[in-house]
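Here is how the chains run, residue by residue.
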Amino acid sequence: MEQKQLKKIDIIFGWDDKCTPIQVVEKTIKKTAESIILDMIDSGLKGRGGAGFPTGLKWKFTRNEESDVKYVICNADEGEPGTFKDREILDRVPEKIFSGMTICAYVIGAREGYIYIRGEYNFMLKTLQQKVDLFNQQLHDKKVDFQIYLRSGSGAYVCGEESALFESMEGKRGEPRNKPPYPTVAGYNSKPTVINNVETLVYTSEICRMGPEQFKALGTKDSRGSKVFSVSGDTPIAGIYELELGMSLKDFVEDFGDGDTKAIQVGGASGHCVPRKKFNDTIIGFEGIPTGGSMMIFNSSRSMYNVLHDYLEFFTEESCGQCTPCRIGCQQLLKGIEAVKKGERPPTYLDDLKRLTATMKIAAKCGLGQSVANPFTSIVDNFREEIIY
Amino acid sequence: MSKYMVNLKINNTPIQVEEGTTILDAAKRLNFRIPTLCNHPDLSVAGNCRVCVVEVKGARLLAASCATPVSEGMEVNTNSEKVRIARKHVLELLLSEHNADCTKCFKNGHCELQELASEYRYGDHIFIDLVKAKDKILDISSPSITRDASKCIRCQRCVRTCTELQAVSALAVVHKGDHQIISTFLNKPLNDVVCTNCGQCINRCPTGALYERNYIEDVWHAIYDPNKFVVVETAPATRVALGEDLGLEPGHRVTGKMVSALRKMGFNKVLDTDFTADLTIMEEGTELLTRLKRALVDKDETVKLPLLTSCSPGWVKFQEHMFPDLIDNLSSCKSPQQMFGALAKTYYADKVNIKAENMVVVSIMPCTAKKFECNRSEMRDSGFKDVDYVLTTRELAMMIKQAGIEFDKLEDESYDSILGESTGAAVIFGTTGGVMEAALRTAYEIITGNEVPFTNLNIQPVRGMEGVKEASIKIKNTKPEWNFLEGVELNVAVAHGLANAKQLMELVQSGKSNYHFIEVMGCPGGCIGGGGQPIPTSAEIRKRRAEAIYAEDMGKTIRKSHENPEVAEVYKEYLTHPLGHKSHELLHTHYKVRKRY
């Protein structure tokens, strides 16, 4: 497998005085929509929220839909435990998000864009609104027919799921929808919608600024470019780092670990737990373990039972509750490991629960319930004795 | 736009269906049954129970067949190993959250979850019991509907019913995750919120989480009491649906057998709510004509038009909550059930020489809201509670079974007299448009002396299952005393299901409508689709019940309310004339403004 050395990058937070975000917009919308889409596809950019859908294709599909009204939505409902990079982007370089949204709007033919920002980030609403107003004014002055609006979430994790986010924006209970139809066909207000993660939108703007070549020179065949990581846990240097994709966990832990790293949870609560013995052959990227950016480092003082218990408590509470596998499945997993720990169920009950997660993975309605299997199986498989004893 | 045809294979069998068809429906056409729980033909697609998942070749996820449209070349397996394991997990998960005290449950034998559990017979329930003790506390605040949260499987059929069909939203999903429940505004008791008691949620609840407050034991107790004279009245729509709970196909008319069964059960007199339906037409028809005269002749601007019917207690309570500014438009007539009770404990008690305090009036209704209605404080004009107990069609079926009566072997019998005779106009009260049709048959004839100008008296424009129906009848050749109506176009409308009613009321509120008279029934299809009728319900079942109602009408010799000889007799002997002093005392009522929360 193609592998890269750990390399710090400075694209997301970098600032080019000769080509500011609004100038990127001006420069880019002189091109045709088709050529922008080609650049996006050529760059190999995949969604940075975690699911990794090719951004250029998403834009293309939405452009191809016939509709008077289309929307661009920035998913800033950053709720995955251990992820805090969007917050930093919103704080430091929001203009790059606006720029990405405007270019997307130009490509697909949208006149309205929304930033759905998680309720816990409301403290930054005031300053962000000022920056949005300024940018909107610039768009207006330059006769670009596009305006950006802010929407605040209300604190449910599931509203980061795109269709639940639309429901929430429409004033309804935040519950994921049945798919199809997908957002590119029927999203917000049942209109064709591009919904991209904060970081993805910044990269689209950066790709337009520097060209796809420079972006795709980074990373591997399946994971082009760089990515912003939120590093937390047992590390002396917790924080936010933009790194080239394709590094091994071994390299990562050498730079970020505290020398006693037992495991890393890659991709937040819904991601995978990788034990030390697998650091060497685990690549961070879509060919290995994809991540929305969360890297939680655990050293040998941590009980993996407690880690799993915490995650399951989180999912039990944050399941929207509408579908059976997720609502009840999460509760059974949580109560199940408690029962095994207390000796009320035999250790082999863990295997019954693993089979349950296999069902949740394919039968739950949305990504929330489907991904609970990731932490469960990876922790139970690698730290079984810690769960039982 | 013509639809494309899509080719696919289900369990290796090729089929061609229209674009947009769900996998579930396509499989049905090939006679592959896929189990469902949250799916209901009257409601929008939820796709949340996941019992109906199937495997689609090449897809990473299983697909909820109720929510997934077919696509070209799709290969579906409805019974693969993956599907069977997932279905088993889903059912076992649901059972782990469900208070499965089936033998003690009111819905025992009528529960979709129980049916599936019995179909799959998993012996090895591995999951931990999640039923919360607090959920086992029943909500018995409502005289109509009992809620048992410990039986709820969160399929949200009740919520969709309450919002989509009824526009009431008394029930909603609240909280999330393990705390998610179906509840009311601020988790208040059902009787303290906007619930109209229509019972449509009961008709669609797959388990025992919602069922009627039942009065079966109270009624048996009254029947056994030698000091009580127990009179029973039967609503129009019960006679075309009761059979469904006793092994017959939908659309079977069982009027005579029902009368026979009631007699065998020990009721002292078996009488008919249809009688007071005819009486309602006399009172309400006169009320309409009086209001028209005040508006047209006296130029009285305070007169409230359109006149709104008031037979449906779910609709009346809806109006009290949602459109308090229009409650004076409601007819002051009591519903036929309550007219019956008031007459039974006064006029009839005298007639059969029984003291009113020793009389018990039981009514058999297709309705749960009637249970609330008989408990309204206004409904005691006889000096006693006019109607003591209301049983749903379903409760009656249970009692017939408990009494050991072989229903299908019964000979037809007739109602007792007096208060037992009725017309075809009365029986059609049981379906949407029926009250309107009955009223027009009588009012037109009173005004002109001629029959309504429709073939066989069948006023087709107000029939059928369209949500809102309209009709206009031009009044010609009036009798001299009604000449102010000469040439007037009488505009009427009919709505059934409260979401349709809401739409119509908003139109009235806007002042843009020109209706004189509006019939509203709270339930889809009218009383034939009532909240007390046999379960299941669907558009097809309601259609067959309605056809049976119209057949019953056609089979009657007398088909106009004003020709009911017993009605004439009661006016002659007791009430004198419509809207007379006695009528006002016993047959009319008033309404109260209720808050929305």
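(A) A look at the overall build of chain A. Of regular secondary structure, chain A possesses 16 helices and nine strands. The C-alpha radius of gyration of chain A comes to 21 Å, within 12% of the 21 Å expected for a compact globule of 389 residues. Projected onto its principal axes, the C-alpha coordinates of chain A cover approximately 70 × 45 × 35 Å. Out of the 389 residues in chain A, the part that is buried amounts to 57%. In chain A, the proportion of contacts linking residues at least 24 apart, taken out of those at least 6 apart, comes to 73%.

(B) The arrangement of the sheet that holds strand S12 (residues 307-308) of chain B in detail. Residue and element names in this part refer to chain B. Across the sheet, which stays open at both edges, the four strands sit in the order S12-S17-S16-S15 with mixed pairing between neighbours. Both outer strands of the open sheet, S12 and strand S15 (468-474), are each paired with one neighbouring strand and no more. In terms of strand pairing, S15 meets strand S16 (residues 489-496) through seven bridges, oriented antiparallel. Residue pairing for S16: Ile473 is matched across the bridge by Leu490.

(C) Structural view of the domain arrangement of chain A. All names here are of chain A. Its domain assignment divides chain A into domain 1 (21-216), domain 2 (226-299) and domain 3 (304-388). The gap between the C-alpha centroids of domain 1 and domain 2 is 27 Å. Listed by partner, the interface residues are 13 residues for domain 1 and 18 residues for domain 2.

(D) Spotlight on the packing of helix H8 (residues 273-296) of chain B against helix H10 (residues 336-351) of chain B. Residue and element names in this part refer to chain B. Look at H8 against H10: their axes get within 8 Å of each other, and the N-to-C directions meet at 105 degrees. Taken together, the axes of H8 and H10 lie roughly perpendicular to each other. From H8, Thr273, Thr276, Ala277, Leu279 and Thr280 reach across to H10, where they touch Pro336, Gln337, Met339 and Phe340. Class assignment of the residues belonging to the contact of H8 with H10 gives a composition of five nonpolar, four polar and no charged.

(E) A look at the environment of A:Glu318. Residue placement: A:Glu318 occurs in helix H11 (residues 304-318). In this structure A:Glu318 touches A:Ala156, A:Tyr157, A:Val158, B:Lys176 and B:Gly177, once residues within four positions along its chain are discounted.

(F) Quick peek at the pairing of strand S2 (residues 112-117) of chain A. Residues and elements named next belong to chain A. Most of S2 is tucked away, with five of its six residues classed as buried. Of the pairings in the sheet, the one linking strand S1 (residues 71-76) to S2 comprises six bridges and is parallel in character. Paired with Val72 across the two strands is Gly113, which belongs to S2. Inspection of the sheet shows S2 paired to strand S3 (residues 147-152) by six bridges, in the parallel sense. Counterpart to Tyr116 in the pairing with S3 is Arg151. Following the backbone out of S2, through helix H6 (residues 125-141) and into the adjacent parallel S3, one traces a crossover that is right-handed.

Each value, and the rule that gives it
- Residues numbered from 1 in each chain as written.
- Chains lettered and ligands numbered in written order.
- Predicted model: local features only at pLDDT ≥ 70, side-chain atom pairs only at ≥ 80, totals over all residues.
- Helix = DSSP H or I, 4+ residues; strand = E, 2+ residues; numbered from the N terminus.
- Rg over C-alpha atoms; globule rule 2.2 N^0.38 Å.
- Buried ≥ 20, exposed ≤ 12 C-beta atoms within 10 Å, placed from the backbone.
- Contact = placed C-beta atoms within 7 Å.
- Pairing = 2+ DSSP bridges.
- Domains from an automatic or database assignment.
- Axes fitted to C-alpha atoms, helices over the stretch in contact; angles between N-to-C directions.
- Parallel < 35°, antiparallel > 145°, perpendicular 65-115°, else oblique.
- Nonpolar A, V, L, I, M, F, W, Y, C, P; charged D, E, K, R; others polar.
- Right-handed = clockwise from strand over helix to strand, strands pointing away.

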